[in-house]
There are 2 protein chains.
Amino acid sequence: MKVYIEPIGKLINEFSKLPGVGAKTAQRFAYKIINMSENEAKSFAEAILNVKKNVHYCSICGNYSEGDICEVCQKRTSEVICVVKEPKDVIAIEKLNEFNGTYHVLHGTISPLDGIGPNDINIKGLLSRISKGGVTEVIMATNPDVEGEATALYISNLLKPLGIKVTRLAHGIPIGTDLEYADEVSLARAFIDRKTL
Amino acid sequence: MKVYIEPIGKLINEFSKLPGVGAKTAQRFAYKIINMSENEAKSFAEAILNVKKNVHYCSICGNYSEGDICEVCQKRTSEVICVVKEPKDVIAIEKLNEFNGTYHVLHGTISPLDGIGPNDINIKGLLSRISKGGVTEVIMATNPDVEGEATALYISNLLKPLGIKVTRLAHGIPIGTDLEYADEVSLARAFIDRKTL
């Protein structure tokens, strides 16, 4: 006989599709759902459906948005644009409460090995935003990996001839790390990018 | 401004209710849902609703069941009943493919500190099954903790006067463990329950 009855087996299978969730964890999640009240389970299912129905891309910056234009683009001016790879990078920066400009979400980075070229990510949208004028600085906040660096370089080469100041987030030793334990690449970068006190 | 737009924030909140899921993991799950196709998300939501709609308790053994009587109770004879605390214990034992009898799920164990007495768990159902005759052995497979032991003892005291053989799962050193690393309680128990070769 099969170990799980069909509705439970199916739910476990769905939970297994989530990142980092194996068979055991999926089973724990499924049992949690079974032990929820009817209403709790209903609101869980509705939250899943709602997110698919009501989350769109902002037509200006490409971030997730409920309406056609996201809250950030509605409320802030576009003098400084921070370019990121994914919507979750926007969340990470917004949580700092440090940055007051707008964002531009590329939805990927240039990666020839994976067949992703400059036309496969949202660079065209960035150029059209800049062509409307008023942009003074573009901060490249893509990840400090090969693809992120290449993308930052590619975009900066496109923008410099237009007279736009292009900056890149600083790399170096993370705050709170002992020199002894810092990874070699970050430490080497910290030397190269050292600042005058 | 709030960091997440409302539908995403709500979904993250729902995922945070799952056991062992914190804010970061819930966010990863939510983004996974956003990146699913419409159909995938729909089938996920339906699996949650279906499990609440179609999973009931077997009227004989108390395990999860699609119909009124579960598959195990339909197909097997009740000469040997294995008593467990929770439905997931049934899954653990079924996966062994060793046991051919039926189960009885208590849905809890006696725990005076938490205000759970013998009448709060499914003992009455077990007694009424036994009173119908044909049961030769009851295997107590509750967990080897204080509550599990107390429950096993309580039920065995109820059943012995009825002439039913009551057994308990063996405790001792787990297979594959070095004596050196076995926990003291299991090692002590292994001495007490030693067998003649």
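Predicted model only: the values in this text are computed from it and were never measured.

Caption draft 1: Local environment of the sheet that holds strand β3 (residues 80–84) of chain B. Residue and element names in this part refer to chain B. In spatial order, the strands read β4-β3-β5-β6; together these four strands make up an open sheet with parallel pairing. Each edge of the open sheet is held by one strand with a lone partner, namely β4 (102–105) and β6 (165–168). With direction set aside, neighbouring strand axes in the sheet form an average angle of 25°. In the sheet, β3 pairs with strand β5 (residues 137–140) via four bridges, with the strands oriented parallel. When the bridges of β5 are listed, Val-83 appears paired with Met-140. The sheet strands contacting helix α5 (residues 87–94) are β3 and β4, and the helix crosses β4 at an angle near 155°.

Caption draft 2: Main features of the interface of chain A and chain B. Taken together, the contact between chain A and chain B spans 52 residues of the former and 52 residues of the latter. Inspection of the chain A/chain B interface yields zero salt bridges. If you look at where chain A meets chain B, you find eight residue pairs in polar contact (both at pLDDT 80 or more). Where the side of chain A that touches chain B is concerned, the elements lending two or more residues are α1 (6–16), α2 (23–34), α3 (38–54), β2 (64–65), α4 (71–75) and α5 (87–94) of chain A. With 14 residues, α3(A) is the largest single contributor of residues to the side of chain A that touches chain B. Class assignment of the residues belonging to the side of chain A that touches chain B gives a composition of 28 nonpolar, eight polar and 16 charged.

Caption draft 3: Focus on the pairing of strand β5 (residues 137–140) of chain A. Residue and element names in this part refer to chain A. Burial along β5 is two-sided: the face carrying Glu-137 and Ile-139 and the face carrying Val-138 and Met-140 are both buried. By the bridge criterion, four bridges tie β5 to strand β6 (residues 165–168) in an arrangement that is parallel. Residue pairing in the sheet places Met-140 in a bridge with Arg-168 of β6. Following the backbone out of β5, through helix α7 (residues 146–159) and into the adjacent parallel β6, one traces a crossover that is right-handed.

Caption draft 4: Region of interest: the confidence of the model for chain A. All names here are of chain A. A residue-level look at chain A finds 99% of positions with pLDDT of 70 or above and a mean pLDDT of 91. Ranking the elements of chain A by mean pLDDT puts helix α8 (residues 184–192) last with 85 and strand β4 (residues 102–105) first with 96. Predicted complex, confidence summary: ipTM 0.80, pTM 0.79.

Caption draft 5: Representation of unusual backbone geometry within the structure. Residue and element names in this part refer to chain A. In the Ramachandran plot, Asn-97 falls in the positive-phi region, its phi being about 60° despite a non-glycine side chain. With respect to the helices and strands, the residue Asn-97 is situated in the loop between α5 and β4. For Asn-97, a relative accessible area of 73% puts it in the exposed group.

Caption draft 6: Molecular detail of the sheet that holds strand β3 (residues 80–84) of chain A. All names here are of chain A. The strand order across the open sheet built from four strands is β4-β3-β5-β6, with neighbouring strands paired in parallel fashion. Across the chains shown, the open sheet's two edge strands, defined by having one partner strand only, are β4 and β6. Direction aside, the axes of adjacent strands within the sheet are offset by 25° on average. The strands touched by α5 are β3 and β4; relative to β4, the strand with the most contacts, the crossing angle is about 155°. The sheet strands contacting helix α6 (residues 123–131) are β3, β4 and β5, and the helix crosses β4 at an angle near 145°.

Quick notes on the rules
- In this numbering scheme, every chain counts its residues from 1 along its sequence in written order.
- Whichever chain is written first is A, and whichever ligand is written first is 1; the rest continue in order.
- Local features in this predicted model are restricted to residues of pLDDT 70 or higher, and side-chain atom pairs are both shown and tallied only at a pLDDT of 80 or more, whereas totals for entire chains, interfaces and linings draw on every residue.
- Heavy atoms throughout the structure, all of them, feed into the side-chain values; hydrogens and water do not.
- In this analysis, strands are considered paired if DSSP registers two or more bridges between them.
- Only DSSP runs of H or I reaching four residues or more are called helices, and only runs of E reaching two or more are called strands; each is numbered from the N terminus.
- Interaxial angles span 0 to 180 degrees and are taken between N-to-C directions of axes, which are lines fitted to C-alpha atoms, for helices over the stretch in contact.
- For this analysis, residues touch if any pair of their heavy atoms sits within 4.5 Å.
- A carboxyl oxygen of Asp or Glu within 4 Å of a side-chain nitrogen of Lys or Arg is what we treat as a salt bridge.
- Under the rule applied, a polar contact is a pair of N or O atoms within 3.5 Å (in protein, one hydrogen donor and one hydrogen acceptor; residues adjacent in sequence only if both atoms are side-chain atoms).
- Under the scheme applied here, ten amino acids are nonpolar (Ala, Val, Leu, Ile, Met, Phe, Trp, Tyr, Cys and Pro), four are charged (Asp, Glu, Lys and Arg), and all others, including Gly, are polar.
- Summary of the burial criterion: residues with accessible area below 20% of their type's maximum are buried, those above 50% are exposed, and those between are partly exposed, where the area comes from a 1.4 Å probe applied to protein chains only.
- Whether a crossover is right-handed comes down to one check: with the strands pointing away from the viewer, does the path from the first strand over the helix to the second run clockwise; if it does, it is right-handed.
- Each residue carries a pLDDT score, the predictor's own confidence in it, on a scale running from 0 to 100.

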